[in-house]
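# Analysis of the macromolecular model
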Amino acid sequence: MVKLIPIAVFASGSGSNFQAIAEAIEQQEIHAKIELVITDKPDAYVIQRAESKGIPVLVVRPKAFETKEAYETEILNALKEREIEWLVLAGYMRLIGPTLLGAYGSKIVNIHPSLLPSFPGKDAIGQAMAHGVKVTGVTVHYVDEGMDTGAIIMQRAVEVIDGDREKTEAAIHAVEHDVYKKSLQFLFNK
Ligand code: GRF
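This section reports on the structure supplied with the text.

Rules and cut-offs
Residues numbered from 1 in each chain as written. Predicted model: local features only at pLDDT ≥ 70, side-chain atom pairs only at ≥ 80, totals over all residues. Heavy atoms only, no water. Core = buried A, V, L, I, M, F, W, Y, C linked by side-chain atoms within 4.5 Å. Buried < 20%, exposed > 50% of the residue type's maximum accessible area, 1.4 Å probe, protein only. Helix = DSSP H or I, 4+ residues; strand = E, 2+ residues; numbered from the N terminus. Contact = heavy atoms within 4.5 Å. Salt bridge = Lys/Arg side-chain N within 4 Å of Asp/Glu carboxyl O.

### Let's talk about the nonpolar core
Counting 35 residues, the largest nonpolar core has Ile7, Phe18, Ile34, Tyr180, Leu184 and Phe188 as the members making the most contacts within it. Of the residues forming this core, the biggest block, 7 residues, is contributed by helix 6 (residues 165-188). Other than its neighbours up to four places away in sequence, Ile7 contacts Ile25, Ala32, Lys33, Ile34, Glu35, Leu36, Ile84, Trp86, Val88 and Phe188. In this structure, Ile38, Ile84, Leu89 and Leu100 belong to the second largest nonpolar core, which totals 20 residues.

### Overview of the pattern of salt bridges
Summed over the entire model, instances satisfying the criterion amount to 11 salt bridges. Salt-bridge contacts for Asp40 lead to Lys41; the nearest nitrogen and oxygen are separated by 3.9 Å. In this structure Lys41 comes out as partly exposed when scored by relative accessible area, which is 33%. Arg165 serves as the salt-bridge partner of Glu169, at 3.0 Å between the closest nitrogen and oxygen.

Given below as structure tokens:
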């Protein structure tokens, strides 16, 4: 019997990476089970994507808490309740704080749409276009207390297409879905 690693996916937006991971799991390509989707945005499209797959969603609004510690403790309780082993960040637009880092250590991963350490933080694709680079890419990395600074697990280059943001963004997203799958296979498929 293959062991399925219980994971939670954290997302703040569309959730195309969530969808790609969920589909790869359905195809038994990644040996994991998404026990929970966590979002900080009550209107994030990822909620619909998760619900249509029957995966529970926890919406936690940071503004409802006085401190980041209280916000993350609420999340941590839900993770513990479901015995989640790994946290997979997929477009989660917040820094992970000491509460979750302390509990999950090196079992938190993130995907970022650039070749780190270039263009960390928000709108990495826009930053790359503005800089005029000809090649950018995708990075999957462990999460530490910094902004996109953790140890790199996997990277892939993507050419900037005709200086065109829309085309380049579509190419990056397609590569993200494949690189995240391969990274999670590397981590979970033993
Ligand atoms: C991706 O580009 C990811 O690298 C970044 O946020 C975006 C999320 O896209 N951190 P989606 O919500 O998975 O479609």
